[in-house]
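The primary structure of each chain is shown beneath.
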Amino acid sequence: VVMAGEGVGRGVQHRRGFGAVGGRCLSLAWLGSGVNIAAGTSKAHIHVWDVANSREIERITVEGRDRLNKYGKEGDELCVWALDYLPDGTLVSGSSEGDVTFWDGQF
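Residues numbered from 1 in each chain as written. Predicted model: local features only at pLDDT ≥ 70, side-chain atom pairs only at ≥ 80, totals over all residues. Heavy atoms only, no water.

**A closer look at the side chain of Asp50**
So, point 1. In this structure, Asp50 sits in strand 5 (residues 45-50).
So, point 2. Residues contacting Asp50, with those up to four places away along its chain left out, are Phe18, Val35, Asn36, Arg55 and Ile57. (Helix = DSSP H or I, 4+ residues; strand = E, 2+ residues; numbered from the N terminus. Contact = heavy atoms within 4.5 Å.)

Following this line, the structure appears as structure tokens:
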């Protein structure tokens, strides 16, 4: 356990970490029961971890439209900006292309 220093975050304790996601972590969602946590990234992935053992149990690739820019080269990365769990365990994601996707939460 690592304790934060003085000022902002004082008394906050680091309890555990999860594996690197590749790219930037842009969104997080906790399953209501606290069993799983999901992270959305700047590389079009959603990573889902089992909180009890810090193990990744699912990696979802969010599909996007053609990502070529006006020069015919790969354009912007698809980002998973928003994540939320519904009460029934369904995971909902929102991407930088404006898509909202519902994922079966039974991993």
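**Some thoughts on the side chain of Thr90**
So, point 1. Among the structural elements, Thr90 can be located in the loop between strand 7 (80-85) and strand 8 (91-95).
So, point 2. For Thr90, the side chain forms a polar contact with the side chain of Asp88, separated by 2.8 Å.
So, point 3. Those residues in contact with Thr90 that lie beyond four places of it in its chain are Asp84, Tyr85, Phe102, Trp103 and Gly105. (Polar contact = N/O pair within 3.5 Å; in protein donor to acceptor, adjacent residues only side chain to side chain.)

**A short note on the sheet that holds strand 5**
So, point 1. If you trace the four strands from one edge of the open sheet to the other, you get 3-4-5-6, paired in antiparallel fashion. Every interior strand has two partners, whereas the edge strands, strand 3 (25-30) and strand 6 (55-61), have only one. Pairwise comparison of adjacent strand axes, ignoring direction, gives a mean angle of 20° for this sheet.
So, point 2. Across six bridges, strand 5 lies against strand 6 in antiparallel orientation. Note on strand 6: the bridge partner recorded for His45 is Thr61. (Pairing = 2+ DSSP bridges. Axes fitted to C-alpha atoms, helices over the stretch in contact; angles between N-to-C directions.)

**Considering the packing of aromatic side chains**
So, point 1. For the structure on display, the rule yields one aromatic pair.
So, point 2. Ring centres of Phe18 and Trp49 lie 5.2 Å apart, and the angle between their planes is 40°; this geometry places the pair in the tilted category. Of the two residues, Phe18 is situated in the loop between strand 2 (13-14) and strand 3 and Trp49 in strand 5; the sequence distance between them amounts to 31 residues.
So, point 3. For Phe18, a relative accessible area of 28% gives the class partly exposed.
So, point 4. On the basis of relative accessible area, Trp49 is assigned to the buried category, the value being 6%. (Phe/Tyr/Trp six-rings, centres within 6.5 Å; stacked < 30°, edge-to-face > 60°. Buried < 20%, exposed > 50% of the residue type's maximum accessible area, 1.4 Å probe, protein only.)

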